Amino acid sequence: MKNEMTLAFDSRSENEGFARVAVAAFVTQLNPTLEEVADIRTAVSEAVTNAVIHGYPDEEEVHTVVVRAVLLEDTVELWVTDEGVGIEDVKQAMEPLYTSRPELERSGMGFMFMEAFMDKVEVQSSPGVGTTVYMRKKIHRGAAGQEA
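Now for a quick tour of the structure. Residue numbers here run from 1 along each chain, matching the order of that chain's written sequence. Under the rules for a predicted model, residues below a pLDDT of 70 receive no local features and side-chain atom pairs below 80 are neither given nor counted, while totals for whole chains, interfaces and linings still include all residues. Side-chain measures here rest on the full set of heavy atoms in the structure, leaving out hydrogens and waters.

What follows covers the sheet that holds strand 1 (residues 2-10). The strand order across the open sheet formed by five strands is 1-2-3-5-4, and the pairing between neighbours is antiparallel. Edge positions in the open sheet fall to strand 1 and strand 4 (120-126), since each of these has one partner strand only. On average, adjacent strands in this sheet sit at an angle of 10° to one another, irrespective of strand direction. The pairing criterion for strands is at least two bridges between them, as found by DSSP. The secondary structure listing takes helices from DSSP runs of H or I that are at least 4 residues long and strands from runs of E that are at least 2 residues long, numbered from the N terminus. Two strands pair when backbone bridges link them, and strand 4 and strand 5 (residues 130-138) are joined in this way by seven bridges, in the antiparallel orientation. Among the inter-strand pairings, Lys 120 is bridged to a residue of strand 5, identified as Arg 136. Any two residues whose heavy atoms approach within 4.5 Å are treated as being in contact. Fitted lines through C-alpha atoms give the axes, limited to the stretch in contact for helices. The angle between two N-to-C directions lies from 0 to 180 degrees. The strands that helix 1 (residues 15-27) touches are strand 1, strand 2 (64-72) and strand 3 (75-82); relative to strand 1, the one it contacts most, it runs at about 170°. Contacts from helix 4 (residues 110-117) reach strand 4 and strand 5 within the one sheet, and its direction differs from that of strand 5 by about 25°.

Pairing between strand 1 and strand 2: nine bridges, direction antiparallel. Among the inter-strand pairings, Thr 6 is bridged to a residue of strand 2, identified as Arg 68. Pairing of strand 2 with strand 3 involves eight bridges; the strand directions are antiparallel. Bridged to Val 70 within strand 3 is Glu 77. In textbook terms, the turn of a hairpin is the stretch between consecutive antiparallel strands, and for strand 2 and strand 3 this stretch comprises two residues, one of which, Glu 73, has a positive phi near 55°.

Let's shift gears to unusual backbone geometry. What you tend to see is this: most non-glycine residues have negative phi, and most peptide bonds are trans. Within the chain, Asn 31 stands out as a residue other than glycine whose phi angle is a positive 55°. Along the chain, Asn 31 turns up in the loop between helix 1 and helix 2 (34-55). For each residue, the accessible area found with a 1.4 Å probe, counting protein chains only, is set against the maximum for its type, and the residue is called buried under 20%, exposed over 50%, and partly exposed in between. Among the residues examined, Asn 31 registers a relative accessible area of 29% and is labelled partly exposed. Notably, Glu 73 is not glycine yet its phi reads approximately 55°, a positive angle.

This brings us to the nonpolar core. Core analysis: the biggest nonpolar cluster contains 35 residues, and Ile 40, Leu 78 and Met 135 have the highest contact counts within it. Secondary structure elements with two or more residues in this core: strand 1, helix 1, helix 2, strand 2, strand 3, helix 4, strand 4 and strand 5. The definition of a nonpolar core used throughout is a set of buried Ala, Val, Leu, Ile, Met, Phe, Trp, Tyr and Cys residues joined through side-chain atoms within 4.5 Å.

Following this line, the structure appears as structure tokens:
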């Protein structure tokens, strides 16, 4: 089975909840555990928040964030993309407690949470072009609804 969805929404912080709930609802087709749904919701929330806060730092301007989800058998793949300022040093940005916006009292834990809750996280970014965060998670209950 393969199924896909794509969401495009304004880079407003209030849309983070929409993205989180939409992806969680979409993933329920794989019959995940409540813990797996919570993990995916948290990872999507962090990725979208990063796109809004760090990708588009000028809060007066509204741009677009795109979330793409693909279900493949027992796996969900997610891409969260912005066309914002990009990340100069991805390795540094992924270090725990690093934040490019300390004036906003950001914790710098977003990538760490994504890595903790998903099986794979990759970040592709170019300054001035934007960022794509790719995440993958295997759903252990699978479509048959069996506990692993």
